[in-house]
Amino acid sequence: MDKILVTRSSMPAYEEYIDEIKDMWETHWLTNMGVKHKRLQEELKSYLAVEDIDLLTNGHMALELSLQAMELQGEVITTPFTFASTTHAIVRNGLDPVFCDIDPVDFTIDVDKIESLITDRTCAIVPVHVYGNICDVEQIDRIAKQYHLKVIYDAAHAFGVTYKGSGIGSFGDASCFSFHATKVFNTIEGGAVCFRDPKFGRALYGLKNFGIRGPEIVDGVGANAKMNEFCAAMGICNLRHINEEIEKRRKVYTRYMERLGNVDGLRFNPTQSDVQSNYAYFPVVIEEAGFGENREAVFERLARHDILARKYFYPLTNSFECFHGKYDTSLTPIAEKVSRSVLTLPMYADLPMEQVDRICEVFLDGRHR
Ligand SMILES: *Cc1c(COP(=O)(O)O)cnc(C)c1O
């Protein structure tokens, strides 16, 4: 049988994409904010229900340049239970990450622990929506206002998620999405920043386009992080099918929960109230005492059966070699524990139900020996 990978990129029909890119052989306009870029930008603004949005080469540059556009200095409170990108974006801006532990139920930043980490050097909070679970945006907003901190959300996992009917990208000073091939919505590689402040928007635009303001005016020292027209065209096509894709993911999620939901020693993120999820991942926490096996044993058995689950997020970013033991992971014990016991199982819109059943069978197989 074929390998089951942890994810599989969504693609439009071949003809649909070809049809979308055809006119580029007449215009020869391949990048630099062309018509596809403009159209995707408008469509995403409407789909994500946000005031303003800019498109970039990838989610990492969305984060890194958003932080830079805010001209921050000092410490940034964030979470170690995330992808390398979040922490690297902070460090690459010359800022000091201060790691806050995570909530044991939804694995997002623990809002009850943020305030004790605030010092006179704190300038911002970079929370991460995890697996499609959202952070406590209301408490974070309150803390940010009280202490005059900027909030930059890593919303890479939260495309299309809404809270009380509002697009999740409308919270904080900026929300950064990733449109990487492995995400719920992809533009092959790509990313976006949602924001309200037009001054921030101008700064971000300068940073993504060499600081070029006009044909003869360069008023900033910018980088290059523009989304090209082929990527934008992929986005235009994929966006047509996004509701269908999320609905299919919901069905996969439901099937997994039917098979695994009541098994002793397995823990799942409960559904969050007032949240419309995107079912981006299917995480399961394996508690050895109750389940009879640890995460590593399950991971390896699945791999032996050509089912590639992912230890995600593991290791924690505050334990990376590149930081030379600079951060103390014992200060984020819940993140440490979840990171050592969580597996994300294969999850994508076209994952057949028989495959979900097979994954669950192999997952549970070790307990009966
Ligand atoms: C994917 C991801 C990123 C980075 O996005 P890219 O588009 O791959 O650069 C950042 N943060 C999180 C949590 C992610 O999952």
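One structure accompanies this document, and this report is about it. Being a predicted model, the structure only gives us computed values, none of them experimental.

**Remarks on the environment of Ile-102**
So, point 1. Locating Ile-102 in the fold gives a position in the loop between strand 3 (96-99) and helix 6 (111-114).
So, point 2. Taking the relative accessible area as the measure of exposure, Ile-102 reaches 0% and is therefore buried.
So, point 3. For the pair Ile-102 and Leu-149, spaced 47 residues apart in sequence, the C-alpha separation works out to 20 Å.
So, point 4. Residue contacts for Ile-102: discarding those within four places in its chain leaves Thr-79, Phe-81, Phe-107, Thr-108, Ile-109, Asp-110, Ile-334, Ala-335 and Val-338.

**Concerning the nonpolar core**
So, point 1. Core analysis: the biggest nonpolar cluster contains 86 residues, and Phe-81, Leu-345 and Phe-363 have the highest contact counts within it.
So, point 2. Sorting elements by how many residues they give to this core places helix 14 (residues 353-365) first, with six residues.
So, point 3. Not counting residues up to four positions away in its chain, the partners in contact with Phe-363 are Leu-260, Leu-266, Val-284, Ile-286, Phe-291, Val-298, Arg-301, Leu-302 and Leu-345.
So, point 4. Formed by 25 residues, the second largest nonpolar core is a distinct cluster that contains Val-76, Val-126, Ala-174 and Phe-200.

**Some details on the pairing of strand 14 (residues 282-286)**
So, point 1. Counting buried positions along strand 14 gives five out of five residues, so the element sits mostly inside the fold.
So, point 2. Of the two faces of strand 14, the one lined by Phe-282, Val-284 and Ile-286 and the one lined by Pro-283 and Val-285 are each fully buried.
So, point 3. One ladder, built from two bridges, connects strand 12 (residues 266-267) with strand 14; its direction is antiparallel. Across the sheet, residue Leu-266 finds its bridge partner in strand 14, namely Ile-286.
So, point 4. With four bridges connecting them, strand 14 and strand 15 (residues 342-345) associate as antiparallel partners. When the bridges of strand 15 are listed, Val-285 appears paired with Val-342.

**Digging into the sheet that holds strand 3**
So, point 1. Taken together, the seven strands give an open sheet; going across it, the order is 1-9-8-5-4-2-3, and neighbouring strands pair in mixed fashion. Taken across any chain shown, the strands that pair with only one partner, and hence form the sheet edges, are strand 1 (52-56) and strand 3. Ignoring strand direction, the axes of neighbouring strands in this sheet form an average angle of 25 degrees.
So, point 2. Looking at chain direction, strand 2 (residues 75-78) and strand 4 (residues 122-126) are connected through four bridges and run parallel. Pairing of Ile-77 across the sheet is with Ile-125, part of strand 4.

**A word on the site of the ligand**
So, point 1. Around the ligand, the structure places 15 residues, and the nearest of them are Gly-59, His-60, Asp-154, Ser-178 and Lys-183.
So, point 2. The side chain of Ser-178 places a nitrogen or oxygen atom 2.7 Å from an oxygen atom of the ligand.
So, point 3. Within the side chain of Tyr-312, an N or O atom sits 3.3 Å from an oxygen atom of the ligand.
So, point 4. In isolation the ligand has 380 Å² of accessible area, and contact with the protein removes 93% of it.
So, point 5. Every element with two or more residues in the shell around the ligand is listed here: helix 4 (59-69) and helix 5 (84-91).

**A closer look at helix 8 (residues 198-208)**
Side chains that are three or four residues apart share a direction in an α-helix, a result of its 3.6 residues per turn.
So, point 1. Those residues of helix 8 that fall on the buried side of the exposure criterion are Phe-200, Gly-201, Leu-204, Gly-206, Leu-207 and Lys-208.
So, point 2. Summarising the contacts, the buried residues of helix 8 are in contact with helix 3 (35-47), strand 1, helix 4, strand 8 (174-178), strand 9 (191-195) and strand 10 (212-214).
So, point 3. Phe-210 occupies a position one or two residues after helix 8 and carries a positive phi of about 60 degrees.

**A word on the packing of helix 12 (residues 295-304) against helix 14**
So, point 1. Look at helix 12 against helix 14: their axes get within 9 Å of each other, and the N-to-C directions meet at 130 degrees. Classified by the interaxial angle, the pair formed by helix 12 and helix 14 is oblique. Like other packed secondary-structure pairs, helix 12 and helix 14 cross with a definite hand, here right-handed. Along the contact surface, helix 12 presents Val-298, Arg-301 and Leu-302, while helix 14 presents Ile-359, Val-362, Phe-363 and Asp-365.

**Here's the deal with the sheet that holds strand 7 (residues 166-167)**
So, point 1. Reading across the sheet, the three strands line up as 7-6-13 and stay open at both edges, with antiparallel pairing between neighbours. Of all strands in the sheet, those with a lone pairing partner are strand 7 and strand 13 (275-276), marking the two edges.
So, point 2. Pairing between strand 6 (residues 162-163) and strand 13: two bridges, direction antiparallel. Within the sheet, the bridge partner assigned to Tyr-163 lies in strand 13 and is Val-275.

About the cut-offs
- Residues numbered from 1 in each chain as written.
- Predicted model: local features only at pLDDT ≥ 70, side-chain atom pairs only at ≥ 80, totals over all residues.
- Heavy atoms only, no water.
- Helix = DSSP H or I, 4+ residues; strand = E, 2+ residues; numbered from the N terminus.
- Buried < 20%, exposed > 50% of the residue type's maximum accessible area, 1.4 Å probe, protein only.
- Contact = heavy atoms within 4.5 Å.
- Core = buried A, V, L, I, M, F, W, Y, C linked by side-chain atoms within 4.5 Å.
- Pairing = 2+ DSSP bridges.
- Axes fitted to C-alpha atoms, helices over the stretch in contact; angles between N-to-C directions.
- Near = heavy atom within 4 Å.
- Polar contact = N/O pair within 3.5 Å; in protein donor to acceptor, adjacent residues only side chain to side chain.
- Areas by Shrake-Rupley, 256 points an atom, 1.4 Å probe, with all protein chains shown as cover.
- Parallel < 35°, antiparallel > 145°, perpendicular 65-115°, else oblique.
- Left-handed = near helix turned anticlockwise from the far one by under 90°.

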